[in-house]
Amino acid sequence: MSAHHVRAVLLAAERRGVATGPLLARAGLSPALAEEPLIQERMTAPAAAESAARVPAEQFGRLVRMLWATLDDELIGFGGAPSKVGTFATMAHVVVHGSRDLREALRRAGTFYSLFPGGPRFRLVEPVAGPRRCPPGHPAPRDDRAASPSAGFRI
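The shown structure was predicted, so the numbers you read here are calculated from the model rather than taken from an experiment. Every chain's residues receive numbers from 1 upward, in the order its sequence appears when written. Totals for whole chains, interfaces and linings use every residue, but because this is a predicted model, local features are given only for residues with pLDDT of at least 70 and side-chain atom pairs only at 80 or more, for both listing and counting. To obtain the side-chain values, all non-hydrogen atoms of the structure were used and water was disregarded.

Participant: I tried to follow the nonpolar core on my own but got confused; where do I start?
Facilitator: Most often, soluble globular proteins have nonpolar side chains that are buried together. Take the buried residues of types Ala, Val, Leu, Ile, Met, Phe, Trp, Tyr and Cys, join any two whose side-chain atoms come within 4.5 Å, and each joined set is a nonpolar core. Residue exposure (1.4 Å probe, protein chains only): buried if accessible area is under 20% of the type maximum, exposed if over 50%, otherwise partly exposed. Grouped together as the largest cluster of nonpolar side chains are 19 residues, with contacts concentrated most on Val-6, Val-9, Leu-23, Leu-29, Leu-63 and Leu-67. Taken together, the elements giving at least two residues each to this core come down to α1 (3-15), α2 (20-27) and α4 (57-71). The element best represented in this core is α4, accounting for six residues. One finds Met-91, Val-95, Ala-105 and Phe-122 within the second-largest nonpolar core, a separate group that totals seven residues. Only runs of H or I of at least four residues qualify as helices and only runs of E of at least two qualify as strands under DSSP, and these elements are numbered from the N terminus.

Participant: Looking at this structure, I do not really get the packing of α1 against α2. What am I missing?
Facilitator: Axes here refer to lines fitted to C-alpha atoms; in helices the fit is confined to the stretch in contact. Angles between the N-to-C directions go from 0 to 180 degrees. Where α1 contacts α2, the axes come no closer than 10 Å and their chain directions differ by 140 degrees. Classified by the interaxial angle, the pair formed by α1 and α2 is oblique. α2 is crossed by α1, and the crossing has right-handed handedness. Facing Val-6, Leu-10, Ala-13 and Glu-14 of α1, the residues of α2 in contact are Thr-20, Leu-23 and Leu-24. Only Asp, Glu, Lys and Arg are considered charged in this grouping, and only Ala, Val, Leu, Ile, Met, Phe, Trp, Tyr, Cys and Pro are considered nonpolar; every other residue, Gly among them, is considered polar. Class assignment for the residues of the contact of α1 with α2 results in five nonpolar, one polar and one charged. Each angle receives one of four descriptions, namely roughly parallel if under 35 degrees, roughly antiparallel if over 145, roughly perpendicular if within 65 to 115, and oblique otherwise. In this scheme the crossing of two helices becomes right-handed for a clockwise turn of the near helix relative to the far one and left-handed for an anticlockwise turn of less than a right angle. We call two residues contacting when some pair of their heavy atoms lies within 4.5 Å.

Participant: Can you help me understand the packing of helix α5 (residues 87-97) against helix α6 (residues 102-113) in this one?
Facilitator: For any two helices packed against each other, the geometry comes down to the angle between their axes and how far apart the axes lie. Two numbers describe how α5 lies on α6: the axes approach to 9 Å, and their chain directions differ by 140 degrees. With respect to α6, the element α5 is oriented oblique. Crossing hand, α5 versus α6: right-handed. Contacts from Thr-87, Phe-88, Thr-90, Met-91 and Val-95 of α5 reach α6 at Ala-105, Arg-108, Ala-109, Phe-112 and Tyr-113. Of the residues belonging to the contact of α5 with α6, the class tally is seven nonpolar, two polar and one charged.

Participant: Could you clarify how one ought to interpret the packing of aromatic side chains in this entry?
Facilitator: Geometrically, a pair of aromatic rings is defined through the distance of the ring centres and the angle of the planes. In summary, the pairing rule links any two rings of Phe, Tyr or Trp, Trp by its six-membered ring, whose centres are within 6.5 Å, and it sorts them by plane angle into stacked for under 30 degrees, edge-to-face for over 60 and tilted for everything else. Evaluation of the coordinates by the stated rule reveals three aromatic pairs. Aromatic side chains Tyr-113 and Phe-122 sit 6.3 Å apart centroid to centroid with 65 degrees between the ring planes, which places their arrangement in the edge-to-face category. Classification of Tyr-113 by relative accessible area gives buried; the value is 6%. Residue class for Phe-122 comes out buried when judged on its relative accessible area of 19%. Taken together, Phe-112, Tyr-113, Phe-116 and Phe-122 form an aromatic cluster joined through their ring pairs.

What follows is the structure in structure tokens.
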């Protein structure tokens, strides 16, 4: 994981009044990560190279799980309102077991989160059906909507 993501999580913790030092220590991460700038565009070349540092995914996951437990918020402060721990697992279970395909699953996920004030809002954006030209050497997709560069999942 990029150290940038660690700093983003730490910023969320600080905004909610959580001391980041103990979180970093318990996750097995260097306290120096909290001191580095978050936005790379404002850095000199050596600082940007240091910011590109990677941290083990296991330690990043531990950090995020500890913050979930501390805040009881799976969105760690990035949502409009806290999302209780377990909300995502419940949504995933409902969506996966009740959907025929990915399109339906994404729509159901949006519907699920629309039930919560301040929950994440997203929508599936699909292109208008029509022929799609593939770059040379690439096979034609079976479903134009699924492979179109304008299709996407927007938050």
